[in-house]
Amino acid sequence: MKKSFLNPIFFTFFLSISCFFSTMFAESTQDSLLGSARVVFQTNYGDIEFGFYPSVAPQTVEHIYKLVRLGCYNTNHFFRVDKGFVAQVADVAGGRTAPMNEEQRKEAEKTIKGEFSDVKHVRGILSMGRYSDPDSAQSSFSMLLGDAPHLDHEYAIFGKVTKGDETLKKLEELPTRREGIFVMPTERITILSTYYYDTEMETCQQDKSILKRRLAASAVEIERQRMKCFP
């Protein structure tokens, strides 16, 4: 009886196509979870923009977004960059160079209940840092630089990077040193400043601008017809 073997070229092609569609499906699923709020970290290596998953981790999203609005991440830094794994932002209580006011410190010291979900740890995902206690997350979080399925259901995912992958790639190329389990950059990657905006408000502003132009054009046309018909 003859054995049947898959053509190796066909098999490689089939595997590539399967991986491509799996990635597209995962990205589509992630995008559907995004809320309208966006945050931008302006670093000394470029900007990174990210959005939140409010339906996946509502308490975590509320906490991180409040820290951003209070300016807590300004002058903070990425203390860990492990190529192909994570770029991790330091806890703001100890990572900033600027002193914190009372309101900032009060929010920064809060711990958040672990909101674990079925969302997968893939490149671009935002995932909370914590100690061994699953409910010990505060303000440190990681931006995934590759797929890390061993983190699934262990760390709380709360959003994803929406712009700035080129900046993450720059960070991955920086020289590093190892300290215990951590791979750390040899130079400081500073979050110089942060800002936030709402994509729905941006859309509304654009719609208003278009409507104003259309109304102005209509007014001109009405006046032209009036002058033509009622000189």
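Above this text is the structure in question.
Procedures and definitions
Residues numbered from 1 in each chain as written. Predicted model: local features only at pLDDT ≥ 70, side-chain atom pairs only at ≥ 80, totals over all residues. Heavy atoms only, no water. Helix = DSSP H or I, 4+ residues; strand = E, 2+ residues; numbered from the N terminus. Buried < 20%, exposed > 50% of the residue type's maximum accessible area, 1.4 Å probe, protein only. Contact = heavy atoms within 4.5 Å. Areas by Shrake-Rupley, 256 points an atom, 1.4 Å probe, with all protein chains shown as cover. Salt bridge = Lys/Arg side-chain N within 4 Å of Asp/Glu carboxyl O. Arc of directions from axis to C-beta. Pairing = 2+ DSSP bridges. Core = buried A, V, L, I, M, F, W, Y, C linked by side-chain atoms within 4.5 Å.

A. Examining the overall build of the protein chain more closely. If you tally the helices and strands in the protein chain, you get 6 helices and 10 strands. Looking at the 231 residues of the protein chain, the share that counts as buried comes to 41%. Put simply, of all contacts in the protein chain between residues at least 6 apart along the chain, 69% involve residues at least 24 apart. As displayed, the protein chain offers around 13,900 Å² of accessible surface, 59% of which is attributable to carbon and sulfur atoms.

B. Structural view of the pattern of salt bridges. Throughout the structure, instances matching the rule amount to 11 salt bridges. Where Glu 49 meets Arg 38, a salt bridge forms, and the shortest distance between an N and an O atom there is 4.0 Å. Within this pair, whereas Glu 49 is found in strand β2 (residues 46–52), its partner Arg 38 is found in strand β1 (residues 37–43), the two being separated by 11 residues in sequence. Relative accessible area serves as the criterion here: at 8%, Glu 49 is assigned to the buried category. The class for Arg 38 is buried, based on a relative accessible area of 11%. Residue Glu 107 is joined to Lys 110 by a salt bridge in which the shortest nitrogen-to-oxygen separation is 2.9 Å.

C. Just helix α5 (residues 165–172), in detail. Residues of α5 that are buried: Thr 167, Leu 168, Leu 171 and Glu 172. Down the axis of α5, the smallest arc covering the buried residues is 145°, so these residues share one side.

D. Local environment of unusual backbone geometry. One non-glycine residue, Thr 75, lies in the positive phi region at around 70°. Positionally, Thr 75 belongs in the loop between α2 (58–69) and β3 (77–82). Despite not being glycine, His 153 has its phi angle at roughly 70°, a positive value. Counting through the fold element by element, His 153 comes out in the loop between β6 (141–144) and β7 (157–163).

E. The arrangement of the environment of Arg 105 in detail. By the secondary structure assignment, Arg 105 is in helix α4 (residues 102–108). Judged by its relative accessible area of 31%, Arg 105 falls in the partly exposed class. Taking the C-alpha atoms as reference, Arg 105 lies 6.8 Å from Ala 93; in sequence the two are 12 residues apart.

F. Up close: the pairing of strand β10 (residues 189–198). Both β1 and β10 contribute to a ladder of 7 bridges, which runs antiparallel. When the bridges of β10 are listed, Thr 43 appears paired with Ile 191.

G. Region of the structure containing the nonpolar core. With 36 residues, the main nonpolar core has Phe 41, Phe 52, Tyr 73, Phe 141, Met 143 and Phe 158 as its most contacted residues. When residues of this core are assigned to their parent elements, the largest contribution, 5 residues, is made by α2. When neighbours within four sequence positions are excluded, Tyr 73 is seen to be in contact with Phe 41, Ile 64, Leu 67, Val 68, Val 89, Val 92, Arg 96, Ser 139, Phe 141, Ile 191 and Thr 194. Core analysis: the second largest hydrophobic core is formed by 12 residues, Tyr 53, Val 119, Val 122 and Ile 125 among them.

Honestly, that's just the spatial picture; any functional story needs more than this.
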